[in-house]
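Letter by letter, the chains look like this.
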Amino acid sequence: MTSTESFTLEVADTAAAQRFYTAFAPDVQVRLRASEAPTTGFRGFALSLTVPRPADVDALAGAALAAGATTLKPAAKSFWGYAAIVQAPDGTIWKLATSAKRDMGPATGRIDDVVLLLGVADVSATKRFYVEHGLAVAKSFGSKYVEFATPSSPFKLALYGRRALAKDVGVPIDGSGSHRLVIGGAGGPFTDPDGFAWEPAVPAPTA
C-alpha cells in the first residue's frame, strides 16, 4: 500500500536552499537534494501552507521575501479566504493561505497543514492511478480536485488540473523538463502518469 512520508526538492544549491527554508518555514519538513536536471517554466506542482489567521499569511510571506523569495501574488482576500503566493529562490512555488477573512489577532506562528498540490493533465485518470496504488480518497470534487487520506503523513497530497493550478498560483502553464520533486513513501519506486517520481521512504537525516 502506498503512503506519503516525505517530499524532496531537487535544487541547484542545497546550502542556499537550506538557509532559505530555515528562515522561511523551519517547522516544515523540507528535504533537499542537489540536482542540475534541466527544468523550465511551471514545474507542475506547488506546496501550500494553511494557517489560522491572515496575520500568519502575512508573517510567512514577509519571512519568505526577506529570505530571498519573490512574490507571484501579493496577499489578498478572496471569496474563500486570504492568501499569498511566493516563489522560493530554488523555483518552488508556495501558497500561504487561511480560510479566515478577518484578522482576529496577531500571528500564531502555527502551520495547520502542509499540502503538496500536483498539477496533472487528467485528474480522474491520475486519481485512479493512485487509488490502484493503495491511496484512499478523502475529498473529491469531480475532475477538479482530489485530496487523499494521509493521516500519518507530515503533509497532505492533492491533485489539481495543471491549468487550474498554474492559474491559482499566478504563473503560465508552460513548462518542461524535470519536476525537481521526489515523493517518498511505502509502495515506491514508481512514476505517476504526469511524471512525478516516487521512491521508497528513507529515515529523515539526523542533526
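In case you missed it, the structure is sitting above this.
Here the residue numbering is sequential within each chain, running from 1 through the sequence in written order. Since the coordinates come from a predicted model, pLDDT governs what is reported: local features require at least 70, and pairs of side-chain atoms require 80 or more to be given and counted, while whole-chain, interface and lining totals use all residues. Note: side-chain values were computed over all heavy atoms of the structure, leaving out hydrogens and water.

**Structural notes on unusual backbone geometry**
Argument step 1. In this structure, R180 is a non-glycine residue whose phi angle is positive, near 55°.
Argument step 2. Numbering of helices and strands runs from the N terminus; a helix is a DSSP stretch of H or I covering at least four residues, while a strand is a stretch of E covering at least two. For R180, the location among the structural elements is in the loop between β12 (175-177) and β13 (181-184).

**Side note on the nonpolar core**
Argument step 1. Here the nonpolar core consists of buried residues drawn from Ala, Val, Leu, Ile, Met, Phe, Trp, Tyr and Cys, with membership extended through side-chain atoms lying within 4.5 Å. Under the scheme applied here, a residue whose accessible area is under 20% of the maximum for its type counts as buried, over 50% as exposed, and between as partly exposed, the area being computed with a 1.4 Å probe on protein chains only. Core analysis: the biggest nonpolar cluster contains 43 residues, and F24, W94 and L118 have the highest contact counts within it.
Argument step 2. Whether two residues touch is decided by their heavy atoms; if any such pair falls within 4.5 Å, the residues are in contact. Ignoring any residue separated from it by four or fewer positions in sequence, one finds W94 in contact with Y21, F24, V28, V30, L47, L49, A84, I85, V86 and A88.
Argument step 3. Formed by 12 residues, the second largest nonpolar core is a distinct cluster that contains F42, I85, V115 and Y145.

**Here's the deal with the packing of aromatic side chains**
Argument step 1. Stacked, tilted and edge-to-face are the three classes applied to pairs of Phe, Tyr and Trp rings, where Trp contributes its six-membered ring and a pair requires centres within 6.5 Å; stacked means planes under 30 degrees apart, edge-to-face means over 60, and tilted covers the rest. Taken as a whole and judged by the stated rule, the model has 14 aromatic pairs.
Argument step 2. For the ring pair Y130 and W198, a centre distance of 5.6 Å and an interplane angle of 50° mean the geometry is tilted. In this pair, Y130 sits in helix α3 (residues 123-132) while W198 sits in strand β15 (residues 197-199), placing the two residues 68 residues apart along the sequence. Accessibility assignment for this pair places Y130 and W198 in one class, buried.

**Quick look at helix α1 (residues 14-24)**
Argument step 1. Listed as buried for α1 are A17, F20, Y21 and F24. Each buried residue of α1 sits inside an arc of 90° when the element is viewed along its axis, so together they form one side.
Argument step 2. Residues of α1 that are buried in the fold lie against β1 (6-11), β2 (31-34), β4 (45-50), α2 (54-66) and β7 (93-98).
Argument step 3. Any pair of nitrogen or oxygen atoms within 3.5 Å is treated as a polar contact; in protein, a donor-acceptor pairing is required on top of that, and neighbouring residues in sequence qualify only through side-chain atoms on both sides. For α1, the N-terminal cap is D13; the gap from its side-chain oxygen to the backbone nitrogen of A15 is 3.2 Å. The arc refers to the directions leading from the helix axis to the C-beta atoms.

**A short note on the layout of surface pockets**
Here the idea is plain: a probe the size of a water molecule rolls over the atoms and shows the empty space left.
Argument step 1. Of the voids in this model, the largest pocket is the one considered here, and its volume is about 640 Å³.
Argument step 2. Forming the boundary of the largest pocket are 20 residues, of which S48, T50, W80, K95 and Y145 lie nearest the centre.
Argument step 3. Put simply, the parts of the chain that give the lining of the largest pocket at least two residues each are β4, β7, β8 (113-120), β9 (136-141), β10 (145-149) and β11 (156-161).
Argument step 4. For this classification, the nonpolar set comprises Ala, Val, Leu, Ile, Met, Phe, Trp, Tyr, Cys and Pro, the charged set comprises Asp, Glu, Lys and Arg, and every other residue, Gly included, is treated as polar. Considered class by class, the residues forming the lining of the largest pocket number 9 nonpolar, 4 polar and 7 charged. For cavity detection a 1 Å grid was placed over the protein atoms alone, and a set of points counts as a cavity when a 1.4 Å probe fits there but cannot get out; an open set counts as a pocket when protein lies on both sides within 12 Å along at least five of seven lines, with lining residues being those that have an atom within 4 Å of a point. Grid points are joined across faces, edges and corners, and a volume is the space filled by probe spheres set on the points.

**Structural notes on the sheet that holds β13**
Argument step 1. The strand order across the open sheet formed by 5 strands is β2-β1-β13-β15-β14, and the pairing between neighbours is mixed. Every other strand in the sheet has two partners, leaving β2 and β14 (190-191) as the edge strands with one partner each.
Argument step 2. By the convention used here, strands pair only if DSSP detects at least 2 bridges between them. With 4 bridges connecting them, β1 and β2 associate as parallel partners. When the bridges of β2 are listed, E10 appears paired with R33.
Argument step 3. For every element, the axis is a line fit to its C-alpha atoms; helices are fit only across the contacting stretch, and the angle between N-to-C directions ranges from 0 to 180 degrees. Sheet strands in contact with α1 are β1 and β2, and its direction is about 160° off that of β2.

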